[in-house]
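# Per-entry structural report
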Amino acid sequence: MAVVELDDITKSYGTLKALDAVSLSIRSGEFFTLLGPSGCGKTTLLRTVAGFNRQDSGMIRVAGAEIDHLPAHRRDIGMVFQDYAVFPHMTVEGNVAFGLESRRCGRKEIAERVGRALELVRLTDLGARMPHQLSGGQQQRVGLARAMVINPQILLMDEPLSNLDAKLRIELREDIRDLQRSLGITTVYVTHDQEEALVVSDRICVMHAGEVHQIGTPWEIYKRPATLFVAGFVGAMNLLDPPPEAVVERIEARHGCRPEVVGIRPEDVALDVAEDAGGDDIFIEGMVDKISFAGPEALYFVSTADGATLQVQVHRPTADLLGRAGQSVRLRLSEAQLLPYDDRGRLIGADLS
Amino acid sequence: MMRARRLPDIWTLVLLLAIAVVAVLLIWPLAGVFLASISDNETGALTLDNYARILGYPYYLRGLRNSLMVALGGMAGAVLLGVPLAYLTTRYVILGRDLIATLAVLALVSPPFIGAYAWIMMLGNNGWMRAALRPLGIELPSIYGVFGILLVFSLKLYPFVFLLTASAFGAINRSLEEAAESLGAGATRRFFRVTMPLVFPAVSSGALLAFVLSLADFGTPSIIGGDFRVLSTMAYNLFTSEMGGNPGLASTVSIVLITVSMLVVGLQRWAVRRRQVAGSLVSRPERQRLHGLRSLFAHVICYVIVIASSLPSLVVIYTSFRKTSGPVFQPGFGLESYRRILADVPHAITNSFIFSLAAVALIVVLGTLIGYLLTRRESVLTGALDGTLMIPYVVPGVVLGLGFVVAFNQPPLLLTGTALIIILILFIRRLPYAVRSSASILRQIKGSIEEAAISLGAAPGRAFLKVTLPLMMPGIVAGALLSFITAINELSSSLVLYVGRTMTMPVRIYLSVLDGEFGTAAALSTILLVTTGTAVFAIFRISESRENAFA
């Protein structure tokens, strides 16, 4: 449990900048997620903290002490790997005991702590099994127990769920979340799955092309994406480029500058509402191109007069509404939900919220 | 803030050691051969006379033509026997598949020249097979000459093609052939347009091995070639001729041999690179059941091939137990041949084991470490090292033997006549096997496994010993056994380097065969066969238990 501070970390592979002056500070006991598409530098950053990579410049401090001179095996980290990396020639218990043996713990203590760790990940009965007798989900639980049993200062997880099938992924991410909460280990978690990041994290750091785009709570990341990249990467988003004149005027009046692109989430667009609910609403006429029905909700693809296509999410669609393909509709956009971006892709008025 | 670069760790030292070993034991001797080929024997002046002589004298041109003929013929024979056997056993239900595979592997690892000399006993001028058929009016061709060489090479080398191709046939996604069938391609068109191109890389790798080994082989053409001389026998004779050898010309012949080998290796790599087949195995092909005559026909083909190829080993074992009086066979059975080798040449037996085991010990240690370097510490230097380690595959034993004589016959490295020089040449010739074997198993071990150990607080050395090394063990042992098999059966380079004290079993067998001492040759060959067979059995057991353990 410790504060982790990264100060101006830079790392290049040839001409490719994998990490470009990354600075961030992770609070003690926090579940901190690095989120981004593949190649954004999130795994490089995690492996730099672990000590498997050496940064070109910059400094890493854990609990106030600089750790750059420490080789990986002396950094007191626990790491969970994408491909589990369970030692195939050792039993489940042997795997979990490995880190304790490296730390020269006594036999009795090892047995006790291994037992407790296996209980936590619900593998108590499988201690004597070999890894090849376990399912993928069980192997990753071994990986989890093995990393946590040493009670590391920091727990690092590199896409631990991406090799599992969808159902297991949801089950295990809840387990990871609960365990982390109850043990209070400072955790750095890497994923490219934005939904997973929103569910498990205390805070999320969105990265792109080696740069940090936004650090914030899941709420902040989803509701106020700081850059156009974050807006497009996290959740579904309508990006109006160029935005309709009515929208531009309203934003200009409020913030005093013209937006280049305006985003609005599909669930924030209302369909076919005649009445003006408040004074802030903007109405746009459009035509329904296609309707995708998905049970609890339906997605409408609506093209506007100026050539833009908007997705509109309708909850609990009625049979009547589903028959509207090919017809004209009226869309209502609430001004409070509009996300205006300037010519550099930054959220206008971000500091106001 | 910049940090100092990582200190040179243990792996940097290993890399330097590996480079030094390769430079001294491989580059230097071969450079010596090359230099000798362009120098005048007396004056030492640089000259291209030797090359002019080789290209100008019909005698040498015929040698080159003969070499190419046996290499291409051996390759063609190996492909003609190996591909059908692979296809039949992977695509149809053939009874006794395991027996077929075992017999093929035994043919592969049996001492190479045993084939030649067993065929002499069957098809030689007084061979029993010819003698048996002569009263029936059937005159079998004599084994001596090019026909015999091609027969021996084909039956000896087809297992390479068979084993590589069989695994490729077994790994073709069945859907691909079904797709071709659904598009209206008949069986023949399907086989040549879809199946064969997919297994081409495997077939050509096997064919390449057959070519290179046929080209390099010394024992077989030397024993049954008669007047049919090839470059490897020419190089040996030029070097050891009693009327004052001609090291310059021997070296030139050697360089021509290496050049041909390398050209063909390059050609195969080029051909395969253009046909990289991205495989995704979804559904394995199924073995179909054949009926009636077609089934009988398929079985006959398979069993004729493997029985013909194991015939030499059986003949040798049988011969070793025949009653002899001196070199002459008597009716009945006895152990005279074994008594004689124990009395006359016990040191050949002990030497063979000591030299091979010593070489294997060196090979295991360095091969494992280099394999690790090549897969886990990739750099320009390790890439160059990897490429250099291909050299022993294409350099015939006779040639490297000549190089060793040239390089190590004067202080400070006066090694000729010692046991060490034989151990060192076995070591460098078989090192690539162990490197390949440990590198390939390392590629199957995920790098994250070692990082997991390090993240749990194990220092890199401990992580390697506790996690990576145990996982590599099956590969290391298999590589060691393979090196041992090929080392204990090594003839050509030992023949160039041996003196009386450092005689080995293969050398003694070769000399016995030349002297017509077939009984003792058979007894020594049987010892080699049993040793080799045991090692093969051990490899099978290891690979089985490995499949069970880390599936």
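Residues numbered from 1 in each chain as written. Chains lettered and ligands numbered in written order. Predicted model: local features only at pLDDT ≥ 70, side-chain atom pairs only at ≥ 80, totals over all residues.

## Quick notes on the overall build of chain B
Broken down by element type, chain B carries 24 helices and four strands. The globule rule puts the C-alpha radius of gyration for 551 residues at 24 Å, and the 25 Å found for chain B is close to it. If one aligns the C-alpha atoms of chain B with their principal axes, the spans along those axes are about 85 × 70 × 50 Å. Across the 551 residues that make up chain B, the buried fraction comes to 45%. (Helix = DSSP H or I, 4+ residues; strand = E, 2+ residues; numbered from the N terminus. Rg over C-alpha atoms; globule rule 2.2 N^0.38 Å. Buried ≥ 20, exposed ≤ 12 C-beta atoms within 10 Å, placed from the backbone.)

## Here's the deal with the overall build of chain A
From N to C terminus, chain A includes 10 helices and 18 strands. Taken along the three principal axes of its C-alpha coordinates, chain A extends 75 × 45 × 35 Å. The buried share among the 353 residues of chain A stands at 40%. Across chain A, every contact between residues at least 6 apart in sequence was considered, and the portion connecting residues at least 24 apart equals 66%. (Contact = placed C-beta atoms within 7 Å.)

## Brief notes about the confidence of the model for chain A
When pLDDT is averaged along chain A, the result is 90, and 97% of the positions lie at 70 or above. Per-residue pLDDT, averaged within each element of chain A, yields its smallest value for helix H10 (residues 319-322) of chain A (79) and its largest for strand E3 (residues 31-35) of chain A (97). (pLDDT = per-residue confidence, 0-100.)

## Here's the deal with the sheet that holds strand E18 (residues 339-341) of chain A
Residue and element names in this part refer to chain A. On the basis of which strands lie adjacent, the open sheet formed by three strands has the order E11-E12-E18 and antiparallel pairing. For this open sheet the edge positions go to strand E11 (238-240) and E18, each flanked by a neighbour on one side alone. The mean inter-strand angle of the sheet, taken between neighbouring strand axes irrespective of direction, is 25 degrees. Relative to E18, strand E12 (residues 261-264) runs antiparallel, the two being bridged by three bridges. (Pairing = 2+ DSSP bridges. Axes fitted to C-alpha atoms, helices over the stretch in contact; angles between N-to-C directions.)

## Considering unusual backbone geometry
Across residues other than glycine, the phi torsion is negative in most instances, and most of the peptide bonds are trans. Residues and elements named next belong to chain A. A cis amide bond links Asp-241 to the next residue, Pro-242, at an omega of 0 degrees. Among the secondary structure elements, Pro-242 is positioned in the loop between E11 and helix H9 (245-255). At Ala-209, a position not held by glycine, the phi torsion is positive, near 50 degrees. Turning to its location among the elements, Ala-209 is positioned in the loop between strand E9 (203-208) and strand E10 (211-216). Assessed through the 15 C-beta atoms surrounding it within 10 Å, Ala-209 is described here as partly exposed.

## Some remarks on the confidence of the model for chain B
Summing up the model confidence of chain B, the mean pLDDT is 84 and the portion of residues at 70 or higher is 94%. Complex prediction metrics read pTM 0.78 and ipTM 0.81.

## Digging into the environment of Ile-251 of chain A
Residues and elements named next belong to chain A. Turning to its location among the elements, Ile-251 is positioned in helix H9. Classification of Ile-251 as buried rests on a count of 20 C-beta atoms within 10 Å. Along the backbone, Ile-251 and Glu-335 are 84 residues apart, and their C-alpha atoms lie at a distance of 8.2 Å. Every residue in contact with Ile-251, bar those within four places of it in the chain, is listed here: Pro-259, Val-262, Leu-338 and Pro-340.

## Focus on the sheet that holds strand E4 (residues 57-62) of chain A
All names here are of chain A. An order of E2-E1-E4-E5 is seen for the four strands of this open sheet, with the pairing classed as antiparallel. The sheet terminates laterally at strand E2 (16-26) and strand E5 (65-66), the two strands that pair on one side only. Note that strand E1 (residues 4-13) and E2 share seven bridges and pair antiparallel. When the sheet's bridge partners are listed, Glu-5 is paired in E2 with Ser-25.

## Regarding the interface of chain B and chain A
As a measure of interface size, the accessible area lost when the parts come together is often cited. Listed as interface residues are 20 residues of chain B and, on the opposing side, 24 residues of chain A. Counting residues per element, the ones that place at least two in the side of chain B that touches chain A are helix H20 (447-455) and helix H21 (460-488) of chain B. In terms of residues, the side of chain B that touches chain A owes the most to one element, H20 of chain B, which gives seven residues. The class makeup of the residues in the side of chain B that touches chain A is 14 nonpolar, three polar and three charged. (Nonpolar A, V, L, I, M, F, W, Y, C, P; charged D, E, K, R; others polar.)

## Some points on H21 of chain B
Between the first and last C-alpha of H21 of chain B there are merely 36 Å, a value that for 29 residues lags more than 12% behind the 42 Å anticipated at 1.5 Å per step. Of all bends in H21 of chain B, the biggest is about 50 degrees, found at Met-473 of chain B, and the proline Pro-474 of chain B comes one to four residues later. (Expected span 1.5 Å × (residues − 1). Bend = angle between axes of the 7 residues up to and from the residue.)

## Here's the deal with the pairing of strand E2 (residues 328-333) of chain B
Both faces of the sheet carry side chains from a regular strand, because those side chains alternate between them. All names here are of chain B. E2 sits mainly on the outside: zero of its six residues count as buried. Alignment of strand E1 (residues 322-325) against E2, held across three bridges, turns out to be antiparallel. Residue Arg-322 lies in a different strand from E2, and its bridge partner there is Phe-333. Taken together, E1 and the strand that follows it, E2, pair antiparallel across an intervening segment of two residues, in which Gly-326 is found at a positive phi of about 65 degrees.

## Section: the environment of Asp-193 of chain A
Mapped onto the fold, Asp-193 of chain A is located in the loop between strand E8 (186-191) and helix H6 (194-200). C-alpha of Asp-193 of chain A to C-alpha of Arg-258 of chain A: the two residues are 65 residues apart in sequence and 33 Å apart in space.

## Considerations on the nonpolar core
Within the largest apolar cluster, 251 residues are counted, with the highest numbers of intra-cluster contacts made by Ala-145 and Leu-156 of chain A together with Ala-78, Val-161, Ala-235, Val-253 and Leu-402 of chain B. If one sorts the elements of this core by residue count, helix H19 (residues 419-444) of chain B sits on top with 15 residues. Leave out the neighbours within four places in its chain, and Val-161 of chain B touches Ala-78, Val-79, Gly-82, Val-83, Val-203, Gly-206, Ala-207 and Ala-210 of chain B. (Core = buried A, V, L, I, M, F, W, Y, C linked by C-beta atoms within 7 Å.)

## Quick word on the packing of helix H11 (residues 231-240) of chain B against helix H12 (residues 247-273) of chain B
Relative placement of two packed helices is described by the angle separating their axes and the distance separating the axes. Residue and element names in this part refer to chain B. Running from N to C, H11 and H12 point in directions that differ by 160 degrees, and their axes come no closer than 8 Å. Classified by the interaxial angle, the pair formed by H11 and H12 is roughly antiparallel. Of the two elements, H11 crosses H12, and the hand of that crossing is left-handed. Here Leu-231, Ser-232, Met-234, Ala-235, Leu-238 and Phe-239 of H11 come into contact with H12, specifically with Pro-247, Leu-249, Ala-250, Val-253, Ser-254, Val-256 and Leu-257. Per-class residue counts for the contact of H11 with H12 are 11 nonpolar, two polar and no charged. (Parallel < 35°, antiparallel > 145°, perpendicular 65-115°, else oblique. Left-handed = near helix turned anticlockwise from the far one by under 90°.)

## Focus: the pairing of strand E16 (residues 309-315) of chain A
Taken together, the seven bridges between strand E15 (residues 297-304) of chain A and E16 of chain A define a ladder with antiparallel strand orientation. From the neighbouring strand, Phe-301 of chain A faces E16 of chain A, where its bridge partner is Gln-311 of chain A.

## Side note on the packing of helix H15 (residues 346-376) of chain B against H19 of chain B
At a minimum axis separation of 6 Å, H15 of chain B and H19 of chain B run at an interaxial angle of 40 degrees. Where H15 of chain B crosses over H19 of chain B, the two elements pack in a sense that is right-handed.

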